Amino acid sequence: MKNDLPEYRKIHGISQDGLAAKLGVSRQTIISIEKGRYNPSLPLALQIARLFNTYVENIFFLDE
Amino acid sequence: MKYSRLAFLFIGIVDLVLFVFLAVAATITGDTGLLSENLIWLAMAVMAFCLSYLFPQFIQKDERMKLIRQKGIFFSFFAFLFYSILLTTLLHTNLIQLTGSETISILTSLMICTVFISWVVLSKIY
C-alpha cells in the first residue's frame, strides 16, 4: 500500500515526532508507514485521516 | 533511556566474559559437557546485546512493536521445530552424544538467540 502521508504532514506543518506524539506511536512507526514498509492498522489509519480532516482513501491507496 | 541501554550492554559484556572464561576452562579440562551446558551464558549475552539495541523501540508499546514481537515469535516457533528435528536426527543416528541436560541447554540457548535476533532483524525490516 502506498501513501501520501509525508505530503499531508508537510501541508499541515507537522513533524514526524509531532505526528507520532499525537497518535501515541513511536517516530519509527511513522517512518516505516511513510516508507511503505509497514501498513498501519485500520484504527491507526482512521486516526491519521481524522487528524488531517480527510478520508483514509486520500492518504492511503493501493499500488496499482 | 541511555543508561538502560548501557546497562544491557554491560550485562552482555559480563555474560560474554563469563562464557569465554567457562569455555576456556572446559577446553582445558576437555569437558565438552561443561561447554554445552554453559552455552546459556552466550545466549544471555546475545539477549542483552539485542535488548540494548531494541530497548528504545521496545519501550514504545505501539502496533509496530506488537507486530515485530508477534512475527518474531512466529518465526521462532518454526525455528524451534527445525532445531528439534535436527537434534533428534543427530541423536538418533548417534552422530552426536548428549545428555538430557546438555540437549535442553543447547535448545534453550538456540531459542533465546533465535527470538532476540529475529526481533532485531524484523525491527530493521519494519
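All of these numbers come straight from a predicted model, not from anything done at the bench.

Section: the overall build of chain A
Phase 1: If you tally the helices and strands in chain A, you get five helices and two strands.
Phase 2: Helices and strands in chain A line up, N terminus first, as β-α-α-α-α-α-β.
Phase 3: In summary, chain A has a C-alpha radius of gyration of 10 Å against a globular reference of 11 Å for 64 residues, a match within 12%.
Phase 4: C-alpha atoms of chain A, sized along the principal axes, occupy 30 × 25 × 20 Å.
Phase 5: Counting every position in chain A, which comprises 64 residues, the buried fraction comes to 45%.
Phase 6: Taking the intrachain contacts of chain A between residues at least 6 apart in sequence as the baseline, contacts between residues at least 24 apart amount to 54%.
Phase 7: Surface accessibility of chain A: about 3900 Å² in total, with carbon and sulfur atoms responsible for 50%.
Phase 8: Of the charged side chains in chain A, 8 are positive and 7 negative, and the gap between their average positions amounts to 8 Å.

As for the overall build of chain B
Phase 1: In terms of helices and strands, chain B carries five helices and zero strands.
Phase 2: Starting at the N terminus and ending at the C terminus, chain B contains elements arranged as α-α-α-α-α.
Phase 3: Residue burial in chain B is summarised as follows: out of 126 residues, 37% are buried.
Phase 4: Accessible surface, chain B: about 7600 Å² in total, of which carbon and sulfur atoms supply 76%.
Phase 5: Taking the 8 positively charged and 6 negatively charged side chains of chain B as two groups, their mean positions are separated by 19 Å.

So, the UniProt feature "domain: HTH cro/C1-type" (unreviewed entry) in chain A
Phase 1: According to UniProt, the positions carrying the feature "domain: HTH cro/C1-type" (unreviewed entry) are residues 7–59 of chain A.
Phase 2: The straight-line gap between the two end C-alpha atoms of residues 7–59 of chain A is 9 Å; of that span, 66% is helix and 0% is strand.

Structural notes on the environment of A:Tyr8
Residues and elements named next belong to chain A.
Phase 1: In this fold, Tyr8 is placed in helix H1 (residues 5–11).
Phase 2: A relative accessible area of 19% places Tyr8 in the buried class.
Phase 3: Each C-alpha atom of the pair Tyr8 and Phe52 lies 7.1 Å from the other, and the pair is 44 residues apart in sequence.
Phase 4: If near-sequence neighbours (up to four positions away) are discounted, Tyr8 is found in contact with Phe52, Thr54, Asn58 and Ile59.

Considerations on the packing of helix H3 (residues 39–58) of chain B against helix H5 (residues 100–125) of chain B
All names here are of chain B.
Phase 1: Between H3 and H5, whose axes approach to 9 Å, the crossing angle comes to 20 degrees. The angle between H3 and H5 places the two elements in the roughly parallel class. Remark: the crossing between H3 and H5 carries left-handed chirality. Facing Leu39, Ile40, Ala43, Val46, Met47, Cys50, Leu51, Tyr53, Leu54, Gln57 and Phe58 of H3, the residues of H5 in contact are Ser105, Ile106, Thr108, Ser109, Ile112, Cys113, Phe116, Ile117, Trp119, Val120, Ser123 and Lys124.

Considering the side chain of B:Ser118
Residue and element names in this part refer to chain B.
Phase 1: Structurally, Ser118 is set in helix H5.
Phase 2: The exposure class of Ser118 is buried, given its relative accessible area of 13%.
Phase 3: For Ser118, the side chain forms a polar contact with the main-chain oxygen of Val115, separated by 2.7 Å.
Phase 4: Every residue in contact with Ser118, bar those within four places of it in the chain, is listed here: Gly72 and Ser76.

What about the packing of aromatic side chains?
Residues and elements named next belong to chain B.
Phase 1: Following the criterion strictly, the structure yields eight aromatic pairs over all chains and no others.
Phase 2: With centroids separated by 5.1 Å and ring planes inclined at 75 degrees, the aromatic side chains of Phe74 and Phe78 adopt a geometry described as edge-to-face. In this pair, Phe74 and Phe78 are both assigned in helix H4 (residues 63–92), four residues apart and thus about one turn of the helix distant.
Phase 3: We classify Phe74 as partly exposed; its relative accessible area is 49%.

Looking at the environment of A:Pro6
Residues and elements named next belong to chain A.
Phase 1: Among the structural elements, Pro6 can be located in helix H1.
Phase 2: Look at Pro6 and you get buried, because its relative accessible area is 17%.
Phase 3: Along the sequence, Pro6 and Ile30 sit 24 residues apart, while their C-alpha atoms lie 9.5 Å from each other.

Parameters and conventions
Residues numbered from 1 in each chain as written. Chains lettered and ligands numbered in written order. Predicted model: local features only at pLDDT ≥ 70, side-chain atom pairs only at ≥ 80, totals over all residues. Heavy atoms only, no water. Helix = DSSP H or I, 4+ residues; strand = E, 2+ residues; numbered from the N terminus. Rg over C-alpha atoms; globule rule 2.2 N^0.38 Å. Buried < 20%, exposed > 50% of the residue type's maximum accessible area, 1.4 Å probe, protein only. Contact = heavy atoms within 4.5 Å. Areas by Shrake-Rupley, 256 points an atom, 1.4 Å probe, with all protein chains shown as cover. Lys, Arg positive; Asp, Glu negative; His and termini not counted. Charge placed at Lys NZ, Arg CZ, Asp CG, Glu CD. UniProt positions renumbered as here; feature names shortened; annotations may be inferred. Axes fitted to C-alpha atoms, helices over the stretch in contact; angles between N-to-C directions. Parallel < 35°, antiparallel > 145°, perpendicular 65-115°, else oblique. Left-handed = near helix turned anticlockwise from the far one by under 90°. Polar contact = N/O pair within 3.5 Å; in protein donor to acceptor, adjacent residues only side chain to side chain. Phe/Tyr/Trp six-rings, centres within 6.5 Å; stacked < 30°, edge-to-face > 60°.

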